[in-house]
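# Geometric and topological summary
Residue strings, one per chain:
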Amino acid sequence: MSDCILAIDQGTTSSRAILFSTTGECLGSAQQEFPQHFPHDGWVEHQPEQIWDSVYNTVKQVIEQTGIDATRIISTGITNQRETTLIWDRATGEAVYPAIVWQDRRTSDMCHAYSTDEEFVHYVQQATGLLLDPYFSATKIRWILDNVDGARTRAERGELAFGTVDTYLLWRLTDGKRHATDATNASRTMLFNLHQQCWDPRILSEFDIPASLLPDVLDNAAEFGQIAPHWFGAAIPVQAMAGDQQAALVGQACFSPGMVKSTYGTGCFMIANTGDQPVQSQHRLLTTLGYRLNGKPTYALEGSIFMAGATVQWLRDGLKLIASAEQSEALAKAANTESNVYLVPAFTGLGAPYWDPDARGALLGLTRDTGINEIVAAGLQSVCYQTRDLLEAMNADGLLASCLRVDGGMSNNQWVMAYLADTLGIQVQRSQTSETTALGVAYLAALQAGVFNTLEEIAERWQQGQTFEPRLSEQAREKAYDGWRQAIDRIKVGSD
Ligand SMILES: Nc1ncnc2c1ncn2[C@@H]1O[C@H](COP(=O)(O)OP(=O)(O)O)[C@@H](O)[C@H]1O
Ligand SMILES: O=P(O)(O)OC[C@H](O)CO
C-alpha cells in the first residue's frame, strides 16, 4: 500500500474522515452526525466532547475500514465549520462553555450596541473585511467572558485558550502542544486584520478580549504539529488547516480571479477569488481570505447564507414532511409548478446580503390546494433564490460570473441543481466529487508534504461532473424571483 493523506472535515452537522491517495483518489471515508442543541430562540450550541468524539471515531473507523496502517498516512489536513467559538482551560483542556455555533444569534443586541459607533463599524469593515454581525467569533468570545463565572479573570491570568474548531481539534490531537489556527479561520473571527495579517489590537481592546487567549496564525499549508501517536497508532504530521469554505475553493481549483464556487451544506457559501488584492464590496458581501500560501494572501469575496441543507433538515426533523433529505427531490418533482408558495428560512435571521439577525422565517402564498410537495419544493427553491441574491450582489460589485461551480451534500439533488441553473440563468457545474472540502484540505496538506509543488498541478486534477443549463424563459425566471424579493420584504426587520 502506498502513502496516503488524511482529511478531517468537521462540519456543522457531521464530521467526516477521508483517506486520499497522494493523487487525490478517495480510498475510504467515515461520517458521523452529532447532536445540535437549541437552548433558546436563536441560540445554537455544540458539545465540544461530541465534536471531538465524532472526529476521533471517524478517523479510527476510516483507518480500520481501509486497513491502512497509520504509519502510511504521510500528512493530515483539518478543515472545519468556521466562526464556531470554543474557550477551554489550558491546563485541563476542559471547555468552559459549549461551542457557540456560527448560526447562533445571541449577541444580536451586543452587535446593535456596537453599531451605534459608526466610526468603529467602519474600522471593523476596513480592517477585517466583515460586517458587525453575531455570525463571527468576536462577540461570541465576549459573551462567554461576560457570562461564564470566572472566565474573564481566568482569561486575564492567561489560563484559557480560544479557538475555532480547527484550533480546538489541533490542541486535542497534539495533546495541548499546539495552539494555532490558519489565516482563513482567523479571518472569520472579526479580530484579524486582513491587510496586516495579524490580530488587530484596537478591535481586541474594543471587544475587551485579552490577546493571551488567541492562537498563532499560520499559512494554510504549514507545519501545525504532530498528532500524538497514542490516538491512531502513529505520529502523523498536521500540515494543512483551512476553513471549510476556503478548502472547497481549493478543492474546486478556483485559483484565478473571477472564479466562483458555491457549497451547499448546512448553509450555502458562495466565494469568488479576487486575487492578491482585497476587494471591498459595495453590496454587503464579505471580504475574506481565499487562502494564504508562503505568506502570500489570496483574497476573496463571500456571500453567506445560513440555511441551505438546514432547511431540508427542518422539513425532515421539524415538520416531518420527509423521511430523508434525498426524498425531498421526489416530492419537489411532483409539486405543482404553478404554485406561488415561498418559504423564507430566516430561522436564525438573514445572512448576506441582508444581514438582518432579527428577521424570522415565513411561509407565504398558501392556498387551499397547497400540499406537502409544494412546501418541500418551496424549501428547496429558497436555497436557489438566496444564491441568486448573492450572485446579484457579486455582479453589482463587478464580478460577472459566467458559470458557478457547486459542491456539498445538497448539490447531489438533481432537482435543486436544475432549478438553480434556471434561477441564476447561468451554467451550474457540479464537480465530480461532492467531497470537495475534504479534497481541498488534502491538496493543501499534499502541497506542504511536497507531493505537489504548485497550485497549477492541483488545478489539472479538477474533474467536472454533471452540468446544468438554464431552461426557463427570462420572463418566468424574473417572475419567480420577484415573488421571492417580495417575500423577503415582508419578513425583514432591520433596514438594508
Ligand atoms: N439529496 C439531498 N437533497 C437535499 N438536501 C440534501 C441532500 N443530501 C444532503 N442534503 C443536505 O445537505 C446537508 C449535508 O451536507 P454536508 O455537505 O454534509 O453539510 P455540512 O458539512 O454542513 O454538515 C444536510 O443539511 C442535508 O439536509
Ligand atoms: O458546516 P458547513 O459546511 O455548512 O459550513 C459552515 C461554515 O463554515 C460557516 O461559516
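Residues numbered from 1 in each chain as written. Chains lettered and ligands numbered in written order. Predicted model: local features only at pLDDT ≥ 70, side-chain atom pairs only at ≥ 80, totals over all residues. Heavy atoms only, no water.

Looking up the chain in an unreviewed UniProt entry gives the name Glycerol kinase, with the organism given as Fluctibacter halophilus. The UniProt entry for the chain carries the following text under Function (unreviewed entry): "Key enzyme in the regulation of glycerol uptake and metabolism. Catalyzes the phosphorylation of glycerol to yield sn-glycerol 3-phosphate." You can read under Sequence similarities (unreviewed entry) in the UniProt record for the chain the words "Belongs to the FGGY kinase family." (UniProt positions renumbered as here; feature names shortened; annotations may be inferred.)

### A short note on the overall build of the chain
Scanning the chain from N- to C-terminus turns up 17 helices and 23 strands. The globule rule puts the C-alpha radius of gyration for 496 residues at 23 Å, and the 22 Å found for the chain is close to it. Principal-axis analysis of the C-alpha atoms gives the chain an extent of 60 × 55 × 45 Å. For the chain, the residues scored as buried account for 62% of the 496 residues in total. Considering only contacts within the chain whose residues lie at least 6 apart along the sequence, 72% involve residues at least 24 apart. Accessible surface computed for the chain: about 18100 Å², of which carbon and sulfur atoms make up 47%. Charge centroids of the chain, computed over 36 positive and 58 negative side chains, lie 2 Å from each other. (Helix = DSSP H or I, 4+ residues; strand = E, 2+ residues; numbered from the N terminus. Rg over C-alpha atoms; globule rule 2.2 N^0.38 Å. Buried < 20%, exposed > 50% of the residue type's maximum accessible area, 1.4 Å probe, protein only. Contact = heavy atoms within 4.5 Å. Areas by Shrake-Rupley, 256 points an atom, 1.4 Å probe, with all protein chains shown as cover. Lys, Arg positive; Asp, Glu negative; His and termini not counted. Charge placed at Lys NZ, Arg CZ, Asp CG, Glu CD.)

### Focus on unusual backbone geometry
A cis amide bond, omega -5°, links Ala352 with the succeeding residue Pro353. Mapped onto the fold, Pro353 is located in the loop between β19 (342–344) and β20 (362–364). Positioned with a positive phi, Asp175 is a non-glycine residue whose angle comes to about 55°. Note that Asp175 resides in the loop between α6 (165–173) and β9 (180–182). Within the chain, Trp355 stands out as a residue other than glycine whose phi angle is a positive 50°. Along the chain, Trp355 turns up in the loop between β19 and β20.

### Some details on the UniProt feature "domain: Carbohydrate kinase FGGY C-terminal" (unreviewed entry) in the chain
Those residues carrying the UniProt feature "domain: Carbohydrate kinase FGGY C-terminal" (unreviewed entry) are residues 262–448 in this numbering. With 35% helix and 24% strand, residues 262–448 has its two end C-alpha atoms placed 26 Å apart.

### Brief notes about the domain arrangement of the chain
The assigned domain composition of the chain is domain 1 (4–245) and domain 2 (253–431 + 463–496). Computed from C-alpha atoms alone, the centre-to-centre distance between domain 1 and domain 2 is 25 Å. Across the domain 1 to domain 2 interface the summed buried area is about 2700 Å²; carbon plus sulfur atoms make up 50%. The shortest N-O distance in the salt bridge between Arg360 and Asp41 comes to 3.5 Å. Counting every contact that joins domain 1 to domain 2 gives 18 residue pairs in polar contact (both at pLDDT 80 or more). When contributions to the side of domain 1 that touches domain 2 are tallied by element, the ones reaching two or more residues are α2 (108–115), α3 (118–128), α7 (183–186) and β12 (216–218). (Domains from an automatic or database assignment. Buried area = accessible area lost by both parts, 1.4 Å probe. Salt bridge = Lys/Arg side-chain N within 4 Å of Asp/Glu carboxyl O. Polar contact = N/O pair within 3.5 Å; in protein donor to acceptor, adjacent residues only side chain to side chain.)

### Regarding the UniProt feature "binding site: ATP" (unreviewed entry) in the chain
Under the UniProt annotation, the feature "binding site: ATP" (unreviewed entry) is placed at Thr12, Thr13, Ser14, Thr266, Gly309, Gln313 and Gly409. For this annotated set, covering 398 residues, all C-alpha atoms fall within 12.7 Å of each other, a compact arrangement in space. Ignoring anything within four residues of it in the chain, the contact list for Ser14 reads Asp9, Gln31, Gln32, Glu33 and Phe34. In this view, Thr266 contacts Thr12, Thr13, Trp102, Gln103, Phe306, Met307, Ala308, Gly309 and Ala310; residues no more than four positions away in its chain are not counted.

### Regarding the site of ligand 1
Lining the immediate environment of ligand 1, one finds 18 residues, of which Thr13, Arg16, Thr266, Gly409 and Asn413 sit closest. Between an oxygen atom of ligand 1 and a side-chain N or O atom of Arg16, the distance comes to 2.6 Å. The separation between a nitrogen atom of ligand 1 and a polar main-chain atom of Ala325 is 3.4 Å. Put simply, the parts of the chain that give the shell around ligand 1 at least two residues each are β2 (14–21) and α11 (309–318). In terms of residue count, the dominant contributor to the shell around ligand 1 is α11 (4 residues). Within the shell around ligand 1, the residues separate by chemical class into 4 nonpolar, 12 polar and 2 charged. When we break the shell around ligand 1 down by domain, the ones giving at least three residues each are domain 1 (4–245) and domain 2 (253–431 + 463–496). (Near = heavy atom within 4 Å. Nonpolar A, V, L, I, M, F, W, Y, C, P; charged D, E, K, R; others polar.)

### Considering the environment of Leu204
Tracing the backbone shows Leu204 in helix α8 (residues 201–206). By relative accessible area, which is 7% here, Leu204 ends up buried. Along the chain, Leu204 and Phe192 lie 12 residues apart, while their C-alpha atoms are 9.2 Å from each other. Setting aside residues no more than four positions away along its own chain, Leu204 makes contact with Leu191, Trp199, Ile209, Ala211 and Leu214.

### Topic: helix α4 (residues 137–147)
With 9 of 11 residues buried, α4 is to be regarded as a mostly interior element. Along α4, the positions that sit buried rather than exposed are Ser137, Ala138, Thr139, Lys140, Ile141, Arg142, Trp143, Ile144 and Leu145. Structurally, α4 contributes buried residues whose contacts are with β6 (86–89), β7 (99–100), α2, α5 (151–156), β8 (160–163) and α8.

### Some thoughts on the packing of helix α13 (residues 372–396) against helix α14 (residues 414–424)
Axis separation between α13 and α14 bottoms out at 9 Å; the angle between their running directions is 40°. Looking at the two axes, α13 sits oblique to α14. Considering how the two elements wind past one another, α13 and α14 form a crossing that is right-handed. The residues of α14 that touch α13, namely those facing Ala377, Leu380, Gln381, Cys384, Tyr385, Thr387, Arg388 and Leu391, are Trp415, Val416, Tyr419, Leu420, Thr423 and Leu424. A breakdown of the residues in the contact of α13 with α14 according to their chemical character gives 10 nonpolar, 3 polar and 1 charged. (Axes fitted to C-alpha atoms, helices over the stretch in contact; angles between N-to-C directions. Parallel < 35°, antiparallel > 145°, perpendicular 65-115°, else oblique. Left-handed = near helix turned anticlockwise from the far one by under 90°.)

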